[in-house]
Amino acid sequence: MTSRYDSLFLDTVAKAIVPLIQIFAFYVITHGHYSPGGGFQGGVMLAASIVLLRISIGAESFKRFPPNAAIVIAGVGALCFAMIGFLPLFSGGNFLEYGAAIPGMDPVTLRYWGIFFAELCIGFLVWGALVAIYDALVTGGEE
Amino acid sequence: MRFSALALMALMGAVLLWGARDLPHRGDPNSPAATHESVSIYYIENAYLDTHTPNMVTAVLADYRGFDTFGEAVVVVTAALSCLLILRMRKPGGGAEGS
Amino acid sequence: MTANFLISGYPYFLITVLMVIGMYGMAMKRNLLKKIVGMTVFQTAIYLLYIQGATKIGATIPVRSAEIGTDAALYINPLPQVIVLTAIVVGVATTGVALSLLLLIQRRFGTLDETAILEELRDPA
């Protein structure tokens, strides 16, 4: 969305508040074990910060966060989630059975860290997908 | 709005409410969803023992029901990809063709 | 309707109102964008229907705290919350794809009115 007129107030506040939103979003993603939150909620907050940038400062944000980067982030997130699921298959476990991924380690610890990395991948995935949908709708497919 | 549309919507609302009389009351601790011991009670009691995570919703989402989450992640990426692909279809030689 | 149902089943009235509004928007409006808005309202009513079935009287959020322990009657049901989480994200994705299809229709036909588009499809002028 290209800005129709320059508003100094909007520019300054948006640029100042977007890093805070992103820090809080990463906090929500990584504290999914101990408080309500997790991958989906943090990913949507990250996407909202990028959409705020697009709405307020328009064309400059397309240079900072190019539209093609968003779908790549989403694809990499999905691929990493699938890799986390495939890892137990090499050690005789089932798909997405985190407890059998590394034979010899405590399965409870493995499931804890498996949930953590799965939530992280889901956060990146939702971030990339929502920003890609917004970019596609706003630019109408053109560059 | 027209009177026939209003009557049709009122009829739909009445049928939905008549069907909702058999659903459990709000906050009922003996509803079938809350007392099914192999699903809901198992998740509440064993989430911390199996995975060391206090948050039961995250444990259910990413560990016990991880396959559904994986499918939904694929759905989201497919939807984003299809948005991009739908809007970038061009006939060779310029002009946007919507078929 | 008995008074018991009115007092203890009050979420179902609100959910039915939302569902009827959404269904009216989907079926009776001619503009395609208003149909999509009706679909979104209907989806919200379905999320509320699942979520309100998860509460228990006197229970707290499903995050295990050391004082309460693992008594299943003191935590609300986590399973409908997981289902609705997935459903919300899938609903957003569906709305995104529907809006991009609407963009294409607008480019192709020049209008978003359902009767005009159907007439154009039946006998292309």
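Residues numbered from 1 in each chain as written. Chains lettered and ligands numbered in written order. Predicted model: local features only at pLDDT ≥ 70, side-chain atom pairs only at ≥ 80, totals over all residues.

Asks: Would you take a moment to explain the overall build of chain B for this structure?
Replies: Secondary structure summary: chain B contains 5 helices and 0 strands in total. From first element to last, N terminus to C terminus, chain B shows the α and β order α-α-α-α-α. When the 99 residues of chain B are sorted by exposure, 28% land in the buried category. (Helix = DSSP H or I, 4+ residues; strand = E, 2+ residues; numbered from the N terminus. Buried ≥ 20, exposed ≤ 12 C-beta atoms within 10 Å, placed from the backbone.)

Asks: Help me out: how do you make sense of the overall build of chain C in this one?
Replies: Counting its regular elements, chain C contains 5 helices and 0 strands. Each helix (α) and strand (β) of chain C, taken in turn from the N terminus, gives the series α-α-α-α-α. Here the C-alpha atoms of chain C give a radius of gyration of 21 Å, more than 25% beyond the 14 Å that 2.2 N^0.38 yields for 125 residues. Projected onto its principal axes, the C-alpha positions of chain C cover 75 × 35 × 15 Å. Each of the 125 residues in chain C was classed as buried or not, and the buried ones make up 17%. A separation of at least 24 residues holds for 44% of the contacts in chain C among residues at least 6 apart in sequence. (Rg over C-alpha atoms; globule rule 2.2 N^0.38 Å. Contact = placed C-beta atoms within 7 Å.)

Asks: When you look at the interface of chain B and chain C in this model, what are you seeing that I'm missing?
Replies: Facing 42 residues of chain B, the contacting portion of chain C comprises 45 residues. At the level of secondary structure, the elements contributing two or more residues to the side of chain B that touches chain C comprise α1 (3–19), α2 (32–35), α3 (37–51), α4 (56–64) and α5 (66–87) of chain B. In terms of residues, the side of chain B that touches chain C owes the most to one element, α5 of chain B, which gives 10 residues. Each residue belonging to the side of chain B that touches chain C can be placed in one class, and the counts come to 28 nonpolar, 8 polar and 6 charged. (Nonpolar A, V, L, I, M, F, W, Y, C, P; charged D, E, K, R; others polar.)

Asks: I keep staring at the interface of chain A and chain B and nothing clicks. Help me out?
Replies: Many authors give the size of an interface as the accessible area that is lost as the parts come together. Contacts between the two partners involve 29 residues from chain A, matched on the other side by 26 residues from chain B. Those elements that provide at least two residues to the side of chain A that touches chain B are α4 (67–86) and α5 (107–139) of chain A. Counting residues per element, the side of chain A that touches chain B draws most heavily on α5 of chain A, which supplies 13 residues. By residue class, the composition of the side of chain A that touches chain B is 19 nonpolar, 8 polar and 2 charged.

Asks: How do you make sense of the nonpolar core when you look at a structure like this?
Replies: Inside soluble globular proteins, nonpolar side chains tend to come together where they are buried. In terms of nonpolar packing, the biggest core is built from 59 residues, with L125, V126, A129 and A132 of chain A together with V76 and A80 of chain B touching the most fellow members. Secondary-structure elements contributing two or more residues to this core are α1 (8–30), α2 (39–57), α4 and α5 of chain A, α3, α4 and α5 of chain B together with α4 (79–109) of chain C. Residues contacting A129 of chain A, with those up to four places away along its chain left out, are A74 of chain A together with V76, V77, A79 and A80 of chain B. The next biggest cluster of nonpolar side chains, apart from the first, holds 6 residues, and it includes Y12, I15, M19 and V20 of chain C. (Core = buried A, V, L, I, M, F, W, Y, C linked by C-beta atoms within 7 Å.)

Asks: Which parts of the structure should I look at to understand α4 of chain C?
Replies: Because the α-helix completes a turn every 3.6 residues, residues three or four places apart line up on one side. Taking 1.5 Å per residue, 31 residues should reach 45 Å; α4 of chain C reaches 45 Å between its end C-alpha atoms and fits that length. Among the residues of α4 of chain C, those classed as buried are L79, V82, L85, V89, A93, G96 and S100 of chain C. (Expected span 1.5 Å × (residues − 1).)

Asks: Help me understand the packing of α1 of chain A against α2 of chain A in this model?
Replies: Two measures define how a pair of helices packs: the angle their axes make with one another and the distance between the axes. Residues and elements named next belong to chain A. Relative to each other, α1 and α2 sit at 170 degrees, their axes nearing to 8 Å. By the angle class used here, α1 and α2 are roughly antiparallel. Contact residues: L10, D11, A14, V18, I21, Q22, F24, A25, F26, V28 and I29 in α1; G39, Q41, G42, M45, L46, A48, S49, L52, L53, S56 and I57 in α2. In terms of residue class, the contact of α1 with α2 is built from 15 nonpolar, 6 polar and 1 charged. (Axes fitted to C-alpha atoms, helices over the stretch in contact; angles between N-to-C directions. Parallel < 35°, antiparallel > 145°, perpendicular 65-115°, else oblique.)

Asks: Help me understand α4 of chain A in this model?
Replies: Helix length check: α4 of chain A (20 residues) gives 30 Å between terminal C-alpha atoms against 28 Å at 1.5 Å per residue, within 8%. Packing partners of the buried residues in α4 of chain A comprise α5 of chain A together with α5 of chain B.

Asks: Mind showing me how you'd approach the confidence of the model for chain B here?
Replies: In low-pLDDT segments, the atomic positions of the prediction should not be examined closely. Averaged over every residue, the pLDDT of chain B is 84; the share at 70 or more is 88%. Taken element by element, chain B is modelled with least confidence in α2 of chain B, mean pLDDT 75, and with most confidence in α5 of chain B, mean pLDDT 92. (pLDDT = per-residue confidence, 0-100.)

Asks: Hey, could you run me through the confidence of the model for chain C in this one?
Replies: Mean pLDDT over chain C: 89, with 98% of residues reaching 70 or higher. Per-element mean pLDDT across chain C ranges from 81 in helix α1 (residues 3–8) of chain C up to 94 in helix α3 (residues 32–51) of chain C.

Asks: Looking at this model, I keep getting lost on unusual backbone geometry. Mind explaining?
Replies: Note: most peptide bonds trans; most residues except glycine with negative phi. If you check the backbone angles, L96 of chain A has positive phi at about 60 degrees while not being a glycine. Looking at where L96 of chain A falls in the secondary structure, it is placed in the loop between α4 and α5. Using a count of 23 C-beta atoms within 10 Å as the deciding quantity, one classes L96 of chain A as buried. Although it is not a glycine, H52 of chain B sits at a positive phi angle of roughly 60 degrees. Tracing the backbone through its elements, the reader meets H52 of chain B in the loop between α3 and α4. On the basis of neighbour count, H52 of chain B is assigned to the partly exposed category, with 16 C-beta atoms found within 10 Å.

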